[in-house]
Amino acid sequence: MGSANREKFDNTVVEWIDSRMPIFTILNKEYGVFPTPRNFNYFWNFGAIAMFMLMTMIITGIILAMHYTADTKLAFDSVERIMRDVNGGWLLRYIHMNGASFFFIAVYIHMFRGIYYGSYKKPRELLWILGVIIFLLMMATAFIGYVLPWGQMSLWGATVITNLFSAVPFVGNWIVETLWGGYSVDNPTLTRFFALHFLLPFVIFAVVFLHVWALHVSGSNNPLGIEPKGPQDTLPFNPYYTAKDTFGLVVFMVAYAFFIFFAPDFLGHPDNYIPADPLVTPAHIVPEWYFLPFYAILRAVTFSINWYLIIGAGLCAYAFIKWMTKNKERESFFVKEYMVFVLPALFLFVLGAVIAFIPVSEQQFVDGELQYVGIARIIEGIRYYFTFDFLIPDSIRGTTEAVEMRVAIDALLIPISAKLGGVLAMFGSIALLIVLPWLDSHPVRSARFRPLFRIFVLLFTVSVGILGYAGSQPADKVYWSTCLGDAVACEALAHGGHGAGAEHHSDASATTIIKLDNTMLAQAFTGFYFAFFLIIIPLLGRFEKARALPYSIHEAVLGKEQRAGV
Amino acid sequence: MSAEIQTGNDNTHACCECDCGTRRDFMQLAAAAFGAVGLGFFVKPVIDSLRPAKDTQALATVEVDIGSVPEGESMTVMWRGKPVFIRHRTRKEIEMAQAVDVQSLTDKQSDEERVKKGKEQWLVTVGVCTHLGCIPQGQKPTDNRGGYDGWFCSCHGSEYDTSGRIRKGPAPKNLDVPPYEFVNDTTIKIG
């Protein structure tokens, strides 16, 4: 560990230890004189702030654990006892509760920084991946931590999220029962969640150690995204960045303290102050705010995904990758070589969409015969042939045998149910972060020199915010709607409202309602989320012309100062 | 590294001319395989310990007196930590459930498959939405029962009909029918 050519310390005790185990030499090398780019802005504070939040959470968490009881009969009351009877317990709990939110705030800003300034690019890919792993561990820890107070949101949040795993084909139920240790979220679930909630922060700590280790091999990125060329481009970490980090941390702590002391429950949900009741589901289950964008993605997939859609997507992806990896520059995508894949794919998309999105048409009697009329005829025609409905002989229609046959065909035709699709989309949205270094092939790191990338990263950030809003709202919330067709029927619909079910259906045939509801909002921005990673970033990586990079960090920094001085 | 090469040479002479590996390779593979089997024997009980314990499994049967439920009303009982909905259906509700074209359903089940023959007025289902496990509303006549007069799950908007079948919304399956039998006309045993 570099002890061979270390410098001697003046303090004899320090020197005695350091000569046997050079911990002070390492600390000085990594946190004292460590050469750090001189041009950091305040975005570079959030790694240190996140580290501070992790320590805060571990310290308050251990003390809370001393007062907490992991038992469904006692958990809620033990938390209330912490709030009312334990000396300073309210403060520790509010620090811990809001600490989770502020840990996520710090980490989300840290991640934005990483994307905006291209910190994930070579040679920092592993550093970035370790960061995504920390993020995943944080999500798991925060989720199981929210279960421990055993309020209504604890129980039902846990029920909804653990039920996600039941979407896994074949072994889903086995996985869920193994997670629960029973047939519902109950005492065995609570006790194991407590054990894991105690363990995971230390796992996070270990991965943070690896994250920092990798950082100290490659060195920090910086707002210009160019590597330091020599000592004139860097500053020793201490005192320059220890001071800057401390200043940023204090500002962050002011905001944190404001929430702890003046709005401790603002970021939580009031339903979690109702003890858990397995017989009553809260009217509107929402996760904590930091999960909302992912929750919106989960809920956005309301349709099952059949082979037509999968094969269509596969063909498009194949053509796109083939075109992207082709050496010939600037060749049009709209040529025969690629269209032989894309056009059939479009055809498959239409078939798949008809089957997946359009509900079975209402049957109408024409001349006493059951028939479909107008466009419904075409749609049901497509459905008849392309869902292989024609395989079912007419002689057995209407019997249970025909139904069983239909179910068997559907099982083969539709590999991904809506529920599984939602789960895949949610986990996929995070998995994309892991492969981000390979999706973005552009050699320039910082968005400062990539005008298009900059716009799209900002749009992406806004769209994640909108997804968060969509995740917080009921799925069927209608933002805008209009009624086309028969005016009288529209009027009746508007006054009929929701309650009257039967009338509602009979009137609907004469009218068409066009509306924008929350699910559609979430679907649109989920689409953009995936398009950002899978289409926009690869395209920009290949075609975006970057602005000229400065020669070096110190030239960029000093040049600016000179201009300001003139 | 060098040690491996030395012994490797010795063993190639002793055993065979082929490049099928040395005695040391075999020992290493055998040891690793033995260790993997041992690990398997350890992992099995560890995972088993996370599965439902015997006392949890023991709560798997309940007997319910349903004689007190008047026509058109429902009761809820707990079974395996989950609510079970028992609805005493009206003639109209039964007819609505039977009139549905099974082909048009997401989870294709006829009403006959979901009730006991001769006891069509009793519908017994697990009261857990098959989407993500919320408890649907509709047990009280004043609840929002959705557009099909069954149950409405307010979490993500799934609507169930008077046979507990999914008709609208994201849930993939009908409400589960738990295993149950009639002990006599007014008592059922669930589980």
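Just above, that's the structure.
This structure is a prediction, so every number in the text was calculated from the model and none was measured. (Residues numbered from 1 in each chain as written. Chains lettered and ligands numbered in written order. Predicted model: local features only at pLDDT ≥ 70, side-chain atom pairs only at ≥ 80, totals over all residues. Heavy atoms only, no water.)

Draft legend 1. Summary view of the overall build of chain B. Broken down by element type, chain B carries 4 helices and 9 strands. Helices (α) and strands (β) of chain B occur, in sequence order from the N terminus, as α-α-α-β-β-β-α-β-β-β-β-β-β. In summary, chain B has a C-alpha radius of gyration of 29 Å against a globular reference of 16 Å for 191 residues, an excess of more than 25%. Taking the principal axes of its C-alpha atoms as reference, chain B extends roughly 90 × 35 × 30 Å. Within chain B, the fraction of its 191 residues that count as buried is 41%. Residue pairs in contact within chain B that sit at least 24 positions apart in sequence constitute 53% of those at least 6 positions apart. Of the roughly 10500 Å² that chain B leaves accessible, carbon and sulfur atoms contribute 55%. The average position of the 23 basic charges and that of the 26 acidic charges among the side chains of chain B differ by 4 Å. (Helix = DSSP H or I, 4+ residues; strand = E, 2+ residues; numbered from the N terminus. Rg over C-alpha atoms; globule rule 2.2 N^0.38 Å. Buried < 20%, exposed > 50% of the residue type's maximum accessible area, 1.4 Å probe, protein only. Contact = heavy atoms within 4.5 Å. Areas by Shrake-Rupley, 256 points an atom, 1.4 Å probe, with all protein chains shown as cover. Lys, Arg positive; Asp, Glu negative; His and termini not counted. Charge placed at Lys NZ, Arg CZ, Asp CG, Glu CD.)

Draft legend 2. Representation of the overall build of chain A within the structure. Secondary structure summary: chain A contains 21 helices and 6 strands in total. Referenced to the eigenvectors of the C-alpha coordinate spread, the extents of chain A come out at roughly 105 × 70 × 45 Å. The 566 residues of chain A split such that 46% are buried. Of the contacts made within chain A by residues no fewer than 6 positions apart, 78% connect residues no fewer than 24 positions apart. Working note: accessible area of chain A is about 29400 Å², and carbon and sulfur atoms make up 69% of it. Of the side-chain charges in chain A, 38 are positive and 41 negative, and the distance between the mean point of each set is 14 Å.

Draft legend 3. Molecular detail of the pattern of salt bridges. If you walk through the whole model with that rule in mind, you get 20 salt bridges over all chains. Notably, a salt bridge pairs B:K108 with A:D410, separated by 3.7 Å at the nearest N-O pair. With B:K108 in the loop between α4 (91-99) and β4 (122-126) and A:D410 in helix α15 (residues 400-413), this pair bridges two chains. Ionic contacts of the salt-bridge type, sharing partners, join the residues A:K121, A:D440, A:R450 and A:E544 into one network. (Salt bridge = Lys/Arg side-chain N within 4 Å of Asp/Glu carboxyl O.)

Draft legend 4. Structural detail: the packing of helix α12 (residues 307-325) of chain A against helix α20 (residues 518-543) of chain A. Residue and element names in this part refer to chain A. Taken N-terminus to C-terminus, the directions of α12 and α20 make an angle of 15 degrees; their axes are 11 Å apart at the nearest point. With respect to α20, the axis of α12 lies roughly parallel. Both α12 and α20 take part in a crossing whose hand is left-handed. From α12, F320, W323, M324 and T325 reach across to α20, where they touch L534, I535, P538, L539, R542 and F543. (Axes fitted to C-alpha atoms, helices over the stretch in contact; angles between N-to-C directions. Parallel < 35°, antiparallel > 145°, perpendicular 65-115°, else oblique. Left-handed = near helix turned anticlockwise from the far one by under 90°.)

Draft legend 5. How the structure looks around the sheet that holds strand β7 (residues 166-168) of chain B. All names here are of chain B. Across the sheet, which stays open at both edges, the 3 strands sit in the order β5-β6-β7 with antiparallel pairing between neighbours. Pairing within the sheet leaves two strands with one partner each, and these edge strands are β5 (149-153) and β7. Each strand axis lies, on average, 35 degrees off the axis of its neighbour in the sheet, ignoring direction. For strand β6 (residues 158-161) and β7, the ladder comprises 2 bridges, and the chain directions are antiparallel. Following the sheet pairing, E159 is matched in β7 by K168. (Pairing = 2+ DSSP bridges.)

Draft legend 6. Quick peek at the side chain of A:S101. Residue and element names in this part refer to chain A. In this fold, S101 is placed in helix α5 (residues 89-116). A distance of 2.9 Å separates the side chain of S101 from the side chain of W289, its partner in a polar contact. Residues contacting S101, with those up to four places away along its chain left out, are L267, W289 and Y290. (Polar contact = N/O pair within 3.5 Å; in protein donor to acceptor, adjacent residues only side chain to side chain.)

Draft legend 7. Just the interface of chain A and chain B, in detail. The interface is formed by 31 residues belonging to chain A together with 31 residues belonging to chain B. Summed over both sides, the interface between chain A and chain B buries roughly 2900 Å², with carbon and sulfur atoms accounting for 61% of that surface. In terms of surface lost to chain B, no three residues of chain A exceed A:Y183, A:L279 and A:K419, which account for 24% of the buried area on that side. In this structure, the connection of chain A to chain B is made through 2 salt bridges. Breaking the side of chain A that touches chain B down by element, the ones donating at least two residues are α7 (152-163), α8 (172-180), α11 (292-300) and α15 of chain A. When residues in the side of chain A that touches chain B are grouped by element, the largest group, 6 residues, is from α15(A). Considering only residue class, the side of chain A that touches chain B consists of 15 nonpolar, 10 polar and 6 charged. (Buried area = accessible area lost by both parts, 1.4 Å probe. Nonpolar A, V, L, I, M, F, W, Y, C, P; charged D, E, K, R; others polar.)

Draft legend 8. Looking closely at the sheet that holds strand β2 (residues 74-79) of chain B. Residues and elements named next belong to chain B. Read from one edge of the open sheet, 3 strands run β2-β3-β4, paired in antiparallel fashion. The two strands at the open ends of the sheet, each matched to only one other strand, are β2 and β4. The average undirected angle you get between the axes of adjacent strands in this sheet is 20 degrees. Relative to β4, strand β3 (residues 82-88) runs antiparallel, the two being bridged by 5 bridges. Paired with R87 across the strands is L123, a residue of β4.

Draft legend 9. Structural detail: the pairing of β5(B). Across the 5 residues of β5(B), 4 count as buried, placing the element largely inside the fold. Between β5(B) and the antiparallel strand that follows it, β6(B), lie 4 residues; B:G157 among them carries a positive phi value of about 80 degrees.

Draft legend 10. Structural context of a nonpolar patch on the surface. A contiguous nonpolar patch, built from A:F170, A:V171, A:W174, B:L39, B:F42, B:V43, B:V46 and B:I47 and spanning about 830 Å² of accessible area, is present on the exposed surface. A total of 5 residues in the nonpolar patch trace back to one element, the largest contributor, which is helix α2 (residues 23-50) of chain B. Tracing the backbone through its elements, the reader meets B:F42 in helix α2. For B:F42, a relative accessible area of 54% puts it in the exposed group. (Patch = residues over 30% accessible without salt bridge, like charges linked within 9 Å, V, L, I, M, F, W, Y side chains within 5 Å.)

Draft legend 11. Looking closely at the environment of B:F152. All names here are of chain B. Turning to its location among the elements, F152 is positioned in strand β5. Accessibility expressed as a relative area gives 11% for F152, which makes it buried. In this structure the C-alpha to C-alpha distance between F152 and G118, which are 34 residues apart in sequence, comes to 27 Å. In contact with F152, other than residues within four places in its own chain, are P136, Q137, N144, R145, G146, G157, S158 and E159.

Draft legend 12. Quick look at the packing of aromatic side chains. Residue and element names in this part refer to chain A. Overall, the coordinates contain 53 aromatic pairs over all chains when judged by the stated rule. Aromatic side chains W44 and Y117 sit 5.0 Å apart centroid to centroid with 50 degrees between the ring planes, which places their arrangement in the tilted category. Residue W44 is found in the loop between β1 (35-37) and α3 (46-67), and its partner Y117 is found in the loop between α5 and α6 (125-147); the two are separated by 73 residues along the sequence. Of the two residues, W44 and Y117, neither departs from the other in class, the shared state being buried. (Phe/Tyr/Trp six-rings, centres within 6.5 Å; stacked < 30°, edge-to-face > 60°.)

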